[in-house]
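# Secondary and tertiary structure notes
What follows is the residue order along each chain.
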Amino acid sequence: MSMSNVVLHVADVHKSFGGLKALSDVDLQVMEGTTHAIIGPNGAGKSTLLNVCIGRIPPDTGAVVFDGEVITGKQPHEINQMGVVRVFQTPEIFPDLTLLQNVMVPAFAKRDGAFRLNAIQTVSNQHDIRDEAEHWLEDVGLKDQKDMTAASLSRGDKRRLELAMGLIQRPRLLLLDEPTAGMSRHDTNSTIDLLRKIKARGMTKIIIEHDMHVVFSLADRISVLAQGQIIADGTPDEVKGNPKVQEAYLGGPRQ
Amino acid sequence: MFKGLSRNDWLLLAGFSAFVLLMPIILQPIGAAYPALMQKICIFGIFAIGFNILFGLTGYLSFGHAAFLGVGSYAAVWSFKLFTMNIIPALLMALVFTTIFAVAIGYISLRRSGIYFSILTLAFAQMCYNLAYSVLTPLTNGETGLQLTLKDPRWIDAMFHEPGAGLPRATLFGIDTSGGGLGGFYLCAIALIVCFFFSVRIFRSPFGMMLRAIKSNQTRMRYTGFNTRPYLLAAFVISGAYAGLAGGLMAATDPLAGAERMQWTASGEVVLMTILGGVGTLVGPVIGAGVIKYFENIFSSFGDNTLHGVFGFLPDIIEQPLVSFLSLFVGEGWNLTLGVVFMLIVIFLPGGIMEGLRRIWSRLNRRHDGGEKIAVAQPQPAE
């Protein structure tokens, strides 16, 4: 897999909420097969950037280009069907369904597209999707609880469930919003191992994360966002040594 | 078509069919085994099953489903008037027209969710009701209601035989369905069983699972790659078609149609039936329909005289106030009883009669096991 293709290009995006500039002049390129971390202090605009990428928030100016196609203005389900999957900061799952059903639903979206009136078959006959869902539940360590209702899971387990729901779609680009927030150290480490494993399969990822342990364990490239602007962009080592970054994180005089 | 249902589902279907077909025997002891009541139970059962496909699976509460009931009835009666007294074309017409109607109303109403969706559907149904009384009188015959007359053309029937002296009866290839006999009941019973079968299929299908997922977290569904609007519209149209079939069957068992079938109270009734029986369960809505129709029949036929008969053994000083109090709840006041029962169910048994049965069942099981069994999450029936 070539490392030189730009999968996602956030081109000159501006976004203001009222008088507040959430993103200004953000230009970001994510290469195929890499894990690209976006870090920055609270309120820097990280989540807004991710929301722009998946079409949840339209940018004021600029555009988001995925795989050569402008996705700005497309419906969320269209962006998903193109292969962009997001795992949310607060777990977005199906609380009334079982864990197994939670993971099977996205697999149906992948196989059958945005709409298919499949009222003739039965769910229990979909052996391939069922096996696949069990496989991913095993990978995130939730297989034993597959018949439980998702609402009863702990917050950390919900995040892992949502990760499995994203991964079963084998996305071309996976957007992770603080994937380990609310997890124990042990669960954080197993999530890092899991994300490393899927990296080996060539999946491109954007990760927003506060935990520097996670960032430096996974990222190939890091962009630092502060006050809605990208102040640094480079390999982990380059970013670590950047004085601007240290300033932004230590709360020194802002530019 | 018949593959993939679990053994439990087949047992449920078999039990359900047996019960419905044997209703004339089973309901004998409680005095409900006459065709007029039994066919009403079946028809409203179909109505409630269809309503439950929308409300139970997607959580979208329609307050206008009676509009489809009315459209189905009118379409069927027009088929009797214009073409033939055979009920097959009448039921097909009912289905076709309600489907078209449901697509239009659903397309607009489903732009909103929650309370706004309910209000939109209610507005549409009331619009239909008022139109039926005003501008649409050529189609609906206004307050008199649409009836058969001797002057109706009945083109298809006229080709084969001379019209008889009196008004013809609705038939299914010679079987009289509108005479108040068992023919009409068995027609409705078989329709109910078929409708129940399709409902089980939908509940167990990937489509049904998607609808449940939409109910659980619609935002998630969108970001998972689903276009939720067509799923909701499909559920809406299917449940509208169920209501249309129910309306058609009403006409097939009694060939006249009136606008009061579309009034909001009729829409409210199916909501009550579904919630009373158990929202989102397979048999709950049918049980709800049966219970409401049965008690409506019993209580509304009670009068003061019956009450005096029952409490005649009491001294007059107690009997008089007791009877005048209870008479509020029977006869015309039957709706008061229904209201009280409904309130009790919603407060104490939000899952309806089905939840009540489940609680009794688990209590019996626990007692049977000496109270030592710990509640274990029941795995879903697999293959």
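Nothing here was measured: the structure is a model prediction, and the numbers come from that model. (Residues numbered from 1 in each chain as written. Chains lettered and ligands numbered in written order. Predicted model: local features only at pLDDT ≥ 70, side-chain atom pairs only at ≥ 80, totals over all residues. Heavy atoms only, no water.)

### Focus on the overall build of chain B
Each helix and strand in chain B was counted, giving 18 helices and 4 strands. Against the globule reference of 21 Å for 383 residues, chain B gives a C-alpha radius of gyration of 23 Å, in line with a compact fold. The principal-axis extent of the C-alpha atoms belonging to chain B is close to 75 × 70 × 40 Å. A buried classification covers 49% of the 383 residues belonging to chain B. (Helix = DSSP H or I, 4+ residues; strand = E, 2+ residues; numbered from the N terminus. Rg over C-alpha atoms; globule rule 2.2 N^0.38 Å. Buried < 20%, exposed > 50% of the residue type's maximum accessible area, 1.4 Å probe, protein only.)

### Remarks on the domain arrangement of chain A
Residues and elements named next belong to chain A. Here chain A is described as being made up of domain 1 (1-83 + 173-255) and domain 2 (92-170). Centre-to-centre, using C-alpha coordinates, domain 1 lies 26 Å away from domain 2. Facing 20 residues of domain 1, the contacting portion of domain 2 comprises 14 residues. Around 1300 Å² of area is buried between domain 1 and domain 2 when both sides are counted, 58% of it from carbon and sulfur atoms. In this assembly, domain 1 and domain 2 are joined by 2 salt bridges. The salt bridge partner of Lys197 is Asp139, with a shortest N-O separation of 3.5 Å. At the boundary of domain 1 and domain 2, one finds 4 residue pairs in polar contact (both at pLDDT 80 or more). Counting residues per element, the ones that place at least two in the side of domain 1 that touches domain 2 are helix H2 (76-81), strand E7 (173-177) and helix H6 (185-200). (Domains from an automatic or database assignment. Contact = heavy atoms within 4.5 Å. Buried area = accessible area lost by both parts, 1.4 Å probe. Salt bridge = Lys/Arg side-chain N within 4 Å of Asp/Glu carboxyl O. Polar contact = N/O pair within 3.5 Å; in protein donor to acceptor, adjacent residues only side chain to side chain.)

### A word on the pattern of salt bridges
Evaluation of the coordinates by the stated rule reveals 21 salt bridges over all chains. Ionic pairing is found between B:Arg204 and B:Asp9, a salt bridge with its closest N-O pair at 2.8 Å. Within this pair, whereas B:Arg204 is found in helix H9 (residues 182-204), its partner B:Asp9 is found in helix H1 (residues 7-21), the two being separated by 195 residues in sequence. Each of A:Glu32, A:Asp67 and A:Arg172 takes part in salt bridges that share partners, so that together they form one network.

### Considerations on a nonpolar patch on the surface
Residues and elements named next belong to chain B. A cluster of nonpolar residues, Phe19, Leu21, Leu22, Ile25, Ile26, Leu182, Tyr186, Ile190, Val194 and Phe198, forms a patch on the protein surface that exposes about 860 Å² of accessible area. Those elements giving two or more residues to the nonpolar patch turn out to be H1, helix H2 (23-26) and H9. It is H9 that contributes the most residues to the nonpolar patch, 5 residues altogether. Within the secondary structure, Leu21 is located in helix H1. (Patch = residues over 30% accessible without salt bridge, like charges linked within 9 Å, V, L, I, M, F, W, Y side chains within 5 Å. Areas by Shrake-Rupley, 256 points an atom, 1.4 Å probe, with all protein chains shown as cover.)

### Some thoughts on the sheet that holds strand E6 (residues 84-87) of chain A
All names here are of chain A. Pairing within the open sheet is mixed, and its 6 strands lie in the order E6-E7-E8-E3-E9-E10. Among the strands making up the open sheet, the edge pair consists of E6 and strand E10 (229-234). Adjacent strand axes in the sheet meet at a mean angle of 15 degrees when their direction is disregarded. Where strand E3 (residues 35-39) and strand E8 (residues 204-208) come together, 4 bridges link them in parallel fashion. Counterpart to Ala37 in the pairing with E8 is Ile207. (Pairing = 2+ DSSP bridges. Axes fitted to C-alpha atoms, helices over the stretch in contact; angles between N-to-C directions.)

### Let's talk about the environment of B:Ala289
Residues and elements named next belong to chain B. Mapped onto the secondary structure, Ala289 falls in helix H14 (residues 284-301). Residue Ala289 is classed as buried on the basis of its relative accessible area, which comes to 0%. Sequence-wise, Ala289 and Leu57 are 232 residues apart; in three dimensions their C-alpha atoms are separated by 18 Å.

### Points about the pairing of E10(A)
Regular strands place side chains that alternate from one sheet face to the opposite one. Residues and elements named next belong to chain A. As judged from the 5 bridges shared by strand E9 (residues 221-226) and E10, these two strands associate in the antiparallel manner. Across the sheet, Leu225 pairs through a bridge with Ile230, a residue of E10. Linking E9 to E10, which pair antiparallel, is a turn of 2 residues; within it Gln227 sits at a positive phi near 50 degrees.

### Observations concerning unusual backbone geometry
Residue and element names in this part refer to chain A. One non-glycine residue, Asp12, lies in positive phi territory at about 50 degrees. Judged by relative accessible area, Asp12 falls into the partly exposed class, the value being 42%. Of note, the phi angle at Asp25 is positive, near 55 degrees, even though the residue is not glycine. Within the secondary structure, Asp25 sits in strand E2 (residues 20-31). Looking at Asp25, the relative accessible area reads 45%, which means it is partly exposed.

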